[in-house]
Structures are given as structure tokens and as C-alpha cells.
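Given next are the chains, with one letter for each unit.
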Amino acid sequence: MTTATITDLGQAVEDAAAHLYVWALQDIPQDLRDALARAAEKETSVTGQRVLQTILRNVNVAEDQKNLVCQDTGIAVYYCRVGEGFPLHPARIYEALKAGTERATVEHPLRSNTVHTLTRENTGQNVGYRVPIVHWDFIPDWDGLDVKCVPKGSGSENMSFLKMCVPADGVTGIKKFVLESIVDAGGKPCPPGIVGVGIGGSADYAMHLAKEAIARPVGTRNEDPLVAELEEDLYELLNETGIGPMGLGGDVTVLSVHVEHADTHMTLNPVAVNYQCWAARRASAHVAADGSIEYERDA
Amino acid sequence: MATHEVTFPVTDSAEILKLRAGDEVVVQGHIIGIRDRTQIRIFDQMVEPPMDLRGAFLLHTAPGVRKLGPGRYEKVCIGTTTSARMVRFTEPLGSQYGVRAICGKGGFPDEAIEPMQRLGMVYFAIVGGAAALETTQIEEIEEVAWEELMPECLWKFRVKDFGPLTVGIDAHGNSLYRDVQERARKKLEDIYARL
Ligand code: SF4
């Protein structure tokens, strides 16, 4: 069944990463386009309309001119689902993702943002120590690899918040913290976007889950009905705050709220918020065990 | 809310004073790109900027460009960065250099309101992230200084129909950001009472 050699597979993953990084930056998914169009239908404020119409125009200009939707090429983040039978080890998958990121940055060329966190010196072509950042999932009884690239801009990533609520704060505490965070963020993370919320687990895992949440297609609901209800509630409440498009006031403050959860310790109630701007870029590929690649923009 | 067209640099302060928070503005003429390191050099390291900033429109940007030759660049993708980090430079930009407009995304905190009123300056909100469109409105990169700070140099762009921008803070003490925050805080009290 598997005909590709390990080197070929490494090359396939590298090719996929190089393609996905640029593609994600240029061509935003259909679900996001639809969500932005719906937002424009709903918005009643003059400034909010001005912002949303400009965003919609910008998405079309990027497509026509083959330019980037936004200038911030972000930090490269990949989400990998690796089948247990995929013939390339994750250590090699990581190398290939790194090489692909670097190649895309040089060839396009893309603005390079990655710096050493203390010296602030540029470390190369959007790669560095532990960059790109990769989230892993391992899937039994499968021999494929799914790669999703989500370049994350700094304007929205800077609006990340963590609170160790106590169990007595309950769901109300979770809601209050999300509301406060989004009001504090105001126009800085380029609203309206996707609010990713991670609850439960531990401090670090809650933020990890919040980040997973923003990578979902806009408006998808959590499988757990209790969590899905929290998503709906938060969406309604956040849009009551009036922060509006680009924080200039209006009806649409967020396009969607996505919550991911994990069970936690009986004395823990962590809540993490990770904001994703309106330019919620993502693009996916499926790499088969024989090295063939299928691209999918809207996964 | 009115719509205006303003050509920069401005020589007549009436051009700034006519603008009110919430108004729509389209800009023509020349604008100057500036960012964190550029302003740190001017004000913290006290190096005189080699460009005339009187009446200027400053844009918070680190443009993506392609080098054509010595001192010559072509645009690739030019967008705008978050302004709040650079608010402390507002007062000296106005009082020492006569800057009249600062444009960025996300707004300035309330500490910018007083100096902008006193010095006759405005803050323009651009649509953050809409870089593909913004790039088409920049006709040419006419000049660049301090190339060693790449991409945080001093850039001079010639623009056409740059916008639409929204007056976020005007020269009369009004700020959309302050108003929106005040309303949102009140709303939160409402919401909390219901939770
Ligand atoms: S927050 Fe998002 S849309 Fe705004 S400038 Fe950054 S990457 Fe672009």
C-alpha cells in the first residue's frame, strides 16, 4: 500500500507546509467570508458598516491582486493529526514543517517576524527555536496526516488572558472573565473575530484549548451540548457590549465564540481566552501515506 | 457624521479643526510611515528626523517592501499596526514637530485626548488588517530614511484616496474609544446583574 520512501514523504509534508502558509495568508475560508458578510448585514452603526464594508472589499482585493489579506504574516502555527500508521515519525514531520515555513518565507517573499525572545534579534525566515509551533493529535487505526496552518497575528495574540477562577465562581465566573477580557481588548485585536475559550484542565492546557478553539471553522459548535450552550450564551452577551468593528462602536463585536474544555481537578476552574482577529486565516492539507497531497481550504 | 477629503501635509489648521469624532475621511497627498523604533530614535535617543514633519500625517506601519536599488523600494504589502504602544510620543510629535494627524489601528488610550486637543491634532482609525486594499492606495514610496531600522524606517508615501478612515479622536476633546469603553462598562454592570 505504502509506496513512498521516507524522504519523499518528508518532501511532501514540506511542500504542503510551504503551500499552506502562503495560501492561508492570501485566501480566507468560505465560512469566514460568509460570517463577515452576515456581520455586515446585521451591523446598524455607521462606523461599523464602514469597517465591515472595507474588510469585505479588502478580501476581494487580496484575491484579485494575489496579495496578502493582512500584512502580519504572524507566527506559523500548525495543527497535525497523525495516524498511527503514517510512515513518517513526528520528529521528521516537525523538521519538514519547519523547512516548508522557511521556504515559503524566502520564496514569496513574506515578512519575517520571528525573533529571539530576549535579544529581539531576528532568527531567520519565520522559523527559530521551537518555531513554528505545532499542536499534535494522534489517531489510532489510520495511516494519514492532516495538517492545518493557522498563521497567528500579534495584534490578536497579544489579547490573550488567563484566570484561575475558583470552583465557587462557577459558570458565572467564566462568563464574567470572558466579557471583561473582550471589553478590555477593545479595538486592539481587530474585531469582529473569533473568541477562543479554553476551560478546565490546568493553566497551560486551558490556553492550549483556547488556541485549538480558534482554529475551528467559524460558528461550529462543541459536541457537548452544555459547552455549546455556553458558546451561544457568550456570543449573545459579547455582542451586547457594543465594542463593535475595530472597537469604534457597533452591534457586531465577535463573529463567533468557540469553547474547548477538559475535565479538571476538583479545586481548579481555569479559564483562558485567545482572540482571533477578523482575518482568521487557516488552510489545510491531507497527506496520504503514499505522499499524495490533497488541499482543502475550508477544513 | 460628515465625510471629508483632506490633503496632507496640511498648512491650515482649519483642515484639522473641522473634523469630528466619527467622521469619515479620505486622504490625499503625502503620508509618513513610522513605528516604535523610529520614535524611540527621535525621542529617547534624541536624533533629529531627516524629514519635515510639519503638518504631517503619520501612519503606524512596518511595510513589506522589495528593494529595487540604493534607497529605492517597491511596495509589496503595506498595512497598519496597533497604535496604543506608541501613545507616549503624541505630545512631543505635536509640540516639537508640528505633526497634525496620527493614523493606526485599535485607538489611543485616553491620555492622548488632552495633547491632541491642546495641539490641534487628530487620531485616524484605519481598518486593521485590510492591508491588500491599503497597498493599492499607496501610489509610490518616494523616500526612505534610517534604512538600518528596516522595516521600522521613516517612510514617505504618496497616496491616492487613502481610506476610508474614521476620526477616532478629534481636536475638540472627543474620543470614540473613551465613549465606547464607558458604554461597554455600563453594559457589563447590566449583564452581570442578569448572570
Ligand atoms: S490582529 Fe489580525 S487582522 Fe489585525 S493586523 Fe494583526 S493579523 Fe492583521
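The written sequence of each chain sets the order in which its residues are numbered from 1. A letter from A marks each chain and a number from 1 marks each ligand, given out in the order of writing. Given that this is a predicted model, residues contribute local features only at a pLDDT of at least 70 and side-chain atom pairs are listed and counted only at 80 or more, while totals for whole chains, interfaces and linings are drawn from all residues. In computing side-chain values, all of the structure's heavy atoms are included and hydrogens and water are not.

Asks: Help me out: how do you make sense of a negative patch on the surface in this one?
Replies: Residue and element names in this part refer to chain B. Patches here: salt-bridge-free residues with over 30% relative accessible area, like charges joined within 9 Å, nonpolar side chains (Val, Leu, Ile, Met, Phe, Trp, Tyr) joined within 5 Å. Residue-level accessible areas treat just the shown protein chains as cover; the underlying method is Shrake-Rupley with a 1.4 Å probe. For salt bridges, the criterion is a side-chain nitrogen of Lys or Arg within 4 Å of an Asp or Glu carboxyl oxygen. As used throughout, the charge tally considers Lys and Arg to be positive and Asp and Glu to be negative, leaving His and the chain termini uncounted. A charge is said to be at NZ when it belongs to Lys, at CZ for Arg, at CG for Asp and at CD for Glu. On the surface, a cluster of negative charge is made up of Asp-110, Glu-111, Asp-179 and Glu-182. Secondary structure elements follow DSSP: runs of H or I of four or more residues count as helices, runs of E of two or more count as strands, with numbering from the N terminus. Following the sequence through the fold, Glu-182 ends up in helix 6 (residues 176-194). Relative accessible area decides the class of each residue, using a 1.4 Å probe on protein chains only: under 20% of the type maximum gives buried, over 50% gives exposed, and in between gives partly exposed. Relative accessible area serves as the criterion here: at 45%, Glu-182 is assigned to the partly exposed category.

Asks: Explanation requested: the domain arrangement of chain A in the structure shown.
Replies: One frequent convention defines the size of an interface as the accessible area lost when the parts assemble. Residue and element names in this part refer to chain A. Residue ranges labeled as domains rest on an automatic or database domain assignment. Domain parsing of chain A yields domain 1 (2-25 + 70-151 + 281-296) and domain 2 (154-276). The centre of domain 1, based on its C-alpha atoms, is set 27 Å off from the matching centre of domain 2. With eight residues of domain 1 in contact, the opposing surface of domain 2 contributes eleven residues. Using a 1.4 Å probe, buried area is obtained as the accessible area two parts lose upon being combined, added over both of them. Across the domain 1/domain 2 interface, buried area totals approximately 700 Å², and carbon plus sulfur atoms make up 47% of it. We call two N or O atoms a polar contact when they sit within 3.5 Å, provided that within protein one can donate a hydrogen and the other can accept it, with sequence-adjacent residues counted only if both atoms are side-chain atoms. Applying the counting criterion to the domain 1 and domain 2 interface returns four residue pairs in polar contact (both at pLDDT 80 or more). Residue composition of the side of domain 1 that touches domain 2, grouped by class: three nonpolar, one polar and four charged. Two residues form a contact once any of their heavy atoms are found within 4.5 Å. We call Asp, Glu, Lys and Arg charged. Ala, Val, Leu, Ile, Met, Phe, Trp, Tyr, Cys and Pro are nonpolar, and the rest, Gly among them, are polar.

Asks: What am I meant to see in helix 3 (residues 46-65) of chain A here?
Replies: Along an α-helix, a turn takes 3.6 residues, which lines up residues three or four apart on a common side. All names here are of chain A. Expected span of a helix: the number of residues minus one, times 1.5 Å. Between its first and last C-alpha, helix 3 extends 28 Å over 20 residues, near the 28 Å set by a 1.5 Å rise per residue. Of the residues making up helix 3, those classed as buried are Thr-47, Gly-48, Arg-50, Val-51, Leu-52, Thr-54, Ile-55, Asn-58, Val-59, Val-61 and Ala-62. Its side-chain oxygen placed 2.9 Å from the backbone nitrogen of Gly-48, Ser-45 serves as the N-cap of helix 3. Looking one or two places after helix 3, you find Lys-66, whose phi comes out positive at around 50°.

Asks: Just to check I follow, could you spell out the sheet that holds strand 7 (residues 269-276) of chain A for this structure?
Replies: Strand pairing in a sheet is mediated by backbone hydrogen bonds. Such pairs are either parallel or antiparallel. Residue and element names in this part refer to chain A. When DSSP finds at least two bridges between two strands, those strands are taken to pair. The strand order 4-7-5-6 describes an open sheet built from four strands, whose pairing is mixed. The two strands at the open ends of the sheet, each matched to only one other strand, are strand 4 (160-165) and strand 6 (254-262). The average undirected angle you get between the axes of adjacent strands in this sheet is 15°. Across six bridges, the pairing between strand 4 and strand 7 is antiparallel. Within the sheet, the bridge partner assigned to Leu-162 lies in strand 7 and is Ala-272. Inter-axis angles, ranging from 0 to 180 degrees, are taken between N-to-C directions of lines fitted to C-alpha atoms, where helices are fitted over the stretch in contact. Taken strand by strand, helix 6 (residues 170-185) contacts strand 4, strand 5 (193-200), strand 6 and strand 7, and its axis lies near 30° from that of strand 7. Strands strand 5 and strand 6 of the sheet are contacted by helix 8 (residues 225-238), whose axis makes an angle of about 145° with strand 6.

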